[in-house]
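Examination of the molecular architecture
For reference, the chains in residue letters:
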Amino acid sequence: MEENLEVLEELHNVEAEIEDVQEQIRALIEKQERLYERKSELNSILEACKESENQVNNNASSSTVENWNAPFEWDSKADDLRLNIFGISSYRANQREIINAIMSGRDVLVIMAAGGGKSLCYQLPAVLRDGVALVVSPLLSLIQDQVMGLTALGIPAHMLTSTTSKENEKFIYKALEKGEGELKILYVTPEKISKSKRFMSKLEKCHHAGRLSLISIDEAHCCSQWGHDFRPDYKNLGILKTQFPNVPMVALTATATQRVQNDLIEMLHIRRCVKFVSTVNRPNLFYMVKEKSSVSKVVVDEIAEFIQESYPNHESGIVYCFSRKECEQVAKELRERGISADHYHADMDVNNREKVHMRWSNNKLQVIVGTVAFGMGINKPDVRFVIHHSLSKSMETYYQESGRAGRDGLPSECLLYFRPGDVSRQSSMVFYENSGLQNLYDIVRYCQSKRQCRRSAFFRHFAEPLQECDGMCDICAFSSEVKEVDVSRHAKLMVSLLQEIQTSDQRSTMLQLVDKMKVKQKEIGSDLKREEMEQLILHLLLDRALKEEFQHTAYSTNAYITVGPLAKQILQGKKTVKLEVSTEKKTKASVRLKRCLGSSGLELKLDELRKELSSIHGGILPHSVLSTQQISLLCSQKPNSLEQLEKVIGKLKTEKYGNKILEQIVKYSDFKPTDEQVSDGRAAKRSKTKKNLVLIESSGDEAC
Ligand SMILES: Nc1ncnc2c1ncn2[C@@H]1O[C@H](COP(=O)(O)OP(=O)(O)OP(=O)(O)O)[C@@H](O)[C@H]1O
Ligand SMILES: [Mg+2]
């Protein structure tokens, strides 16, 4: 009998051990799978890097085959147009090459970051080539802005949309069919191509007469289901290449992913296109992550203080919020703090939304507080700051949204307020999307990181070789010492606490888990702060020792924290868990990035003048009169004759606005206050000057 008992006992032990081994095997297999996944990710990043290096080399060495930088017969005409009509003093990266490829009759795919200057790439050839250029663009507001801007430059541009009058439509059809009237650039929405047989037949006639000069597909990522703004009507644009095979087609987008690029080459039938891929880097954007207080009033106070101090001249900005209600609330609270702000979201009727957008575009409203609905139609080049009141759902969306800052190439700031509590708000929205949680955790990693350059996270995400950040992110600009704290014991305690909760058939949200841990941690004689505890939860989520689970209620979806597939390693003490803690609090070394622009009296005068001129000249947008960059050039060069002015802003703008501009420059030269007199006079120590940025450093206790 006794022997039997012994055997039975050993049998139980062996069974338990087998179970344990099996669990280890399961965990190892899972780990192996993850490693394989990561391996293939890393391989594709390496391949993409090699490809882009080859492309750089090919671009350099393809001089014998296709050197788009060589002299071309249209060079002097193009230069004349660029300066004297468009008022642009020099090309930006790739612009000249793209223009030359289009002028040579090739199909072209342009991948260029937001604000890189894609419009000029097709607008200039459209004016240079004989005939009419067709531009497909997804949004009415974008089309209106473009047509208005081109008209102000004296370029015959029209649009055919739902808002076009019968009379104008007649004019356009005649121009297409018979070549009568002046029409150089015609903007249409994609629906026109897919739905209007009448339009397509007129276009056919225009082509037949040899007058269709080029076809441009702007925001071309809308063709791809993998892009972020898929438009079903864009899918039918392939017909254009089939119908007009010899007309050069240029597809332009700021979306960098390889998958989208391949997709749209297929869909538009432009397999033999010349591809120009510019870097995703936006060197003029300063990226920063700020700890977000759990008290909402404190967050708005901080945002308001930031705007008022950094942008006292009412430079434009966007604040992105998570929900519609939050947008309205934050806008209201900003107004209460003296900032001209209004909300923008999908629940508003179209007219109201448009009104807010127009007031902002005309610099009558400083800040739009929007949801993601405030997106693609934003064409304002001088947005100086984009603040995320809560985190975006992925690196890609954050890149797009923050990228609306500084499209004019001038220094601008991208600020993200992060607190762990916001993660579950987003996760309960995205968990059902393909890779939704994975994408969200990527941006959480970006926010959590205390050592890795923010910019490098974008390069990694878009599989691009690393480039210098040049001190243009909080991590690279400010030196705060980061300490690693071993929290393995807390991690173990947390996992076993969750196991207990789950055994008793209960669930715990992040907030509840922190509360329970605050009590429980006394057992190990430790006292991690709430924020540290939240950080630890995120850390374990990213490491898959914990996972999120979701439950629907009638009104919402709740996110709960549960034990993850790799929890065992923590429980068995096989894994050390370390938290990164900044020894120096960031707020103490408050460093502000400040533009020189706007701090000089002449700049303010010219800014006022452009607003005045824009309303005199039929309500065109102020930046169509003078861009912020042009104002900056005028202030540094101070031309004192029309001839000199022409060299800076070109003939057309000089003829239209030259006298008034000179008047201001002369006035300012007669009475010239010092920069200090007009600046906000804050006590500040200039620590670092680069380009036209000044980093101003001041101590936290200074009332700055
Ligand atoms: N070579 C240049 N020099 C100075 N400014 C330029 C140059 N090219 C374009 N710009 C200006 O840069 C701003 C952004 O240009 P544009 O609207 O063409 O950007 P984009 O690449 O189409 O961006 P998005 O993806 O956001 O539509 C405009 O104000 C434009 O006038
Ligand atoms: Mg554009």
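An unreviewed UniProt entry annotates the chain as ATP-dependent DNA helicase originating from Cicer arietinum. In UniProt, the chain has this text filed under Subcellular location (unreviewed entry): "Nucleus". The chain has a UniProt comment under Sequence similarities (unreviewed entry) that states "Belongs to the helicase family. RecQ subfamily."

1. A word on the overall build of the chain
Counting its regular elements, the chain contains 27 helices and 20 strands. A burial count over the chain gives 39% of its 704 residues as buried. Within the chain, counting contacts between residues at least 6 apart in sequence, those at least 24 apart form 75% of the total.

2. Some points on the site of ligand 1
Lining the immediate surroundings of ligand 1 are 18 residues, of which A114, G117, K118, S119 and P381 lie closest. Looking at the shell around ligand 1 element by element, the count peaks at three residues for helix α4 (residues 118-128). Among the residues forming the shell around ligand 1, the class breakdown is seven nonpolar, seven polar and four charged. Shared between two domains, the shell around ligand 1 takes at least three residues from each, and those domains are domain 2 (74-277) and domain 3 (285-480).

3. Focus: the pairing of strand β16 (residues 557-563)
Across seven bridges, strand β15 (residues 546-552) lies against β16 in antiparallel orientation. Bridge pairing links F550 to A559 in β16. Linkage of β15 to β16, two consecutive antiparallel strands, is achieved through a turn of four residues.

4. Structural notes on the sheet that holds strand β3 (residues 157-160)
Taking strand neighbours across the sheet as the criterion, the seven strands line up as β3-β4-β2-β5-β6-β1-β7 in an open arrangement whose pairing is parallel. Edge strands, defined here as strands with exactly one partner in the open sheet, are β3 and β7 (274-277). Geometrically, the sheet is characterised by an average inter-axis angle of 20° between neighbouring strands, direction not taken into account. With four bridges connecting them, strand β1 (residues 108-111) and strand β6 (residues 249-253) associate as parallel partners. By the bridge assignment for β6, I111 is matched with T253. The sheet strands contacting helix α6 (residues 166-178) are β2 (132-136), β3 and β4 (185-188), and the helix crosses β3 at an angle near 110°. The strands touched by helix α8 (residues 197-208) are β2, β3 and β5 (212-217); relative to β5, the strand with the most contacts, the crossing angle is about 135°.

5. Focus: the nonpolar core
With 150 residues, the main nonpolar core has V108, V110, L134, L186, V250, A251 and V369 as its most contacted residues. In terms of residue count, the dominant contributor to this core is helix α16 (residues 436-448) (six residues). Ignoring sequence-local partners within four residues, the contact set of L134 consists of L186, V188, L203, L212 and I215. L602, I620, L621 and I631 belong to the second largest nonpolar core, which has 11 residues in total.

6. Some words on the domain arrangement of the chain
As a measure of interface size, the accessible area lost when the parts come together is often cited. The domains assigned to the chain are domain 1 (1-48), domain 2 (74-277), domain 3 (285-480), domain 4 (484-582) and domain 5 (625-668). Taking the mean C-alpha position of each, domain 2 and domain 4 sit 53 Å from one another.

7. A few points about the pairing of strand β13 (residues 412-418)
Within β13, six of the seven residues are buried, which leaves it mostly tucked inside the rest of the structure. Here seven bridges tie strand β8 (residues 285-291) to β13, and the two strands are oriented parallel to one another. Note on β13: the bridge partner recorded for L285 is S412. Pairing geometry for strand β12 (residues 383-388) and β13, over four bridges, is parallel. Pairing of I387 across the sheet is with L415, part of β13. This β-α-β element, β12 to helix α14 (residues 395-402) to β13, shows right-handed connectivity.

8. Notes on the sheet that holds strand β10 (residues 341-344)
Across a sheet, strands are paired by hydrogen bonds formed along the backbone, either parallel or antiparallel in direction. The parallel open sheet is built from six strands, whose spatial order is β8-β13-β12-β9-β11-β10. Taken across any chain shown, the strands that pair with only one partner, and hence form the sheet edges, are β8 and β10. Neighbour-to-neighbour, the strand axes of the sheet open up by a mean angle of 20°, direction not taken into account.

9. A short note on the UniProt feature "domain: Helicase C-terminal" (unreviewed entry) in the chain
Residues annotated by UniProt as "domain: Helicase C-terminal" (unreviewed entry) correspond here to residues 299-448. With 45% helix and 17% strand, residues 299-448 has end C-alpha atoms that lie 18 Å from one another.

10. Quick word on the environment of E17
Structurally, the position occupied by E17 is in helix α1 (residues 2-61). Residue E17 is classed as exposed on the basis of its C-beta count, with 10 C-beta atoms lying within 10 Å. Separated by 96 residues in sequence, E17 and A113 have C-alpha atoms that sit 56 Å apart.

11. Section: unusual backbone geometry
Positive phi, normally seen in glycine, also occurs at D470, with a value near 65°. Tracing the chain through its elements places D470 in the loop between α17 (454-461) and α18 (474-477). Residue K638 is not a glycine yet carries a positive backbone phi of 40°. Within the fold, K638 resides in the loop between α25 (628-637) and α26 (642-670).

12. Some details on the packing of helix α19 (residues 488-503) against helix α20 (residues 510-520)
Relative orientation of the contacting elements α19 and α20 amounts to 115°, with a least axis distance of 11 Å. Where α19 crosses over α20, the handedness of that crossing is right-handed. Facing L493, M494 and L497 of α19, the residues of α20 in contact are K516, M517 and K520. Class assignment of the residues belonging to the contact of α19 with α20 gives a composition of four nonpolar, no polar and two charged.

13. Quick notes on helix α5 (residues 140-152)
Taking 1.5 Å per residue as the helical rise, α5 with its 13 residues ought to reach 18 Å, and the 18 Å between its terminal C-alpha atoms agrees with that figure. Those residues of α5 that fall on the buried side of the exposure criterion are I143, D145, Q146, V147 and L150. Immediately beyond the C-terminal end of α5, within one or two residues, lies G154, with a positive phi of roughly 80°.

14. Structural notes on the confidence of the model for the chain
Taken over all residues, the pLDDT of the chain has a mean of 85, while the share at 70 or more is 89%. Counting interchain partners and residues more than four positions distant, the pLDDT-below-50 stretch residues 673-704 has 46 contacts. As scored by the predictor, the complex reaches a pTM of 0.79 and an ipTM of 0.99.

15. Structural notes on the environment of K39
The topology assignment puts K39 in helix α1. You can call K39 exposed: it has 10 C-beta atoms within 10 Å. Linking K39 and L150, residues 111 residues apart in sequence, is a C-alpha distance of 49 Å.

16. Observations regarding the packing of α6 against α8
Their axes nearest at 7 Å, the elements α6 and α8 cross at an angle of 35°. On α8, the residues touching Y173, L176 and E177 of α6 are K202, L203, K205 and C206.

17. As for helix α23 (residues 601-616)
Here α23 spans 23 Å end to end across 16 residues, near enough to the 22 Å set by a 1.5 Å rise per residue. Those residues of α23 lying buried are L602, E603, L606, D607, R610 and S614. The arc that holds every buried residue of α23, seen down its axis, measures 140°, which confines them to one face. Turned more than 90 degrees off the buried face of α23, the exposed positions are E608, S615 and I616.

What counts and how
- Residues numbered from 1 in each chain as written.
- Chains lettered and ligands numbered in written order.
- Predicted model: local features only at pLDDT ≥ 70, side-chain atom pairs only at ≥ 80, totals over all residues.
- UniProt positions renumbered as here; feature names shortened; annotations may be inferred.
- Helix = DSSP H or I, 4+ residues; strand = E, 2+ residues; numbered from the N terminus.
- Buried ≥ 20, exposed ≤ 12 C-beta atoms within 10 Å, placed from the backbone.
- Contact = placed C-beta atoms within 7 Å.
- Near = placed C-beta within 6 Å.
- Nonpolar A, V, L, I, M, F, W, Y, C, P; charged D, E, K, R; others polar.
- Domains from an automatic or database assignment.
- Pairing = 2+ DSSP bridges.
- Axes fitted to C-alpha atoms, helices over the stretch in contact; angles between N-to-C directions.
- Core = buried A, V, L, I, M, F, W, Y, C linked by C-beta atoms within 7 Å.
- Right-handed = clockwise from strand over helix to strand, strands pointing away.
- Left-handed = near helix turned anticlockwise from the far one by under 90°.
- Expected span 1.5 Å × (residues − 1).
- pLDDT = per-residue confidence, 0-100.
- Arc of directions from axis to C-beta.

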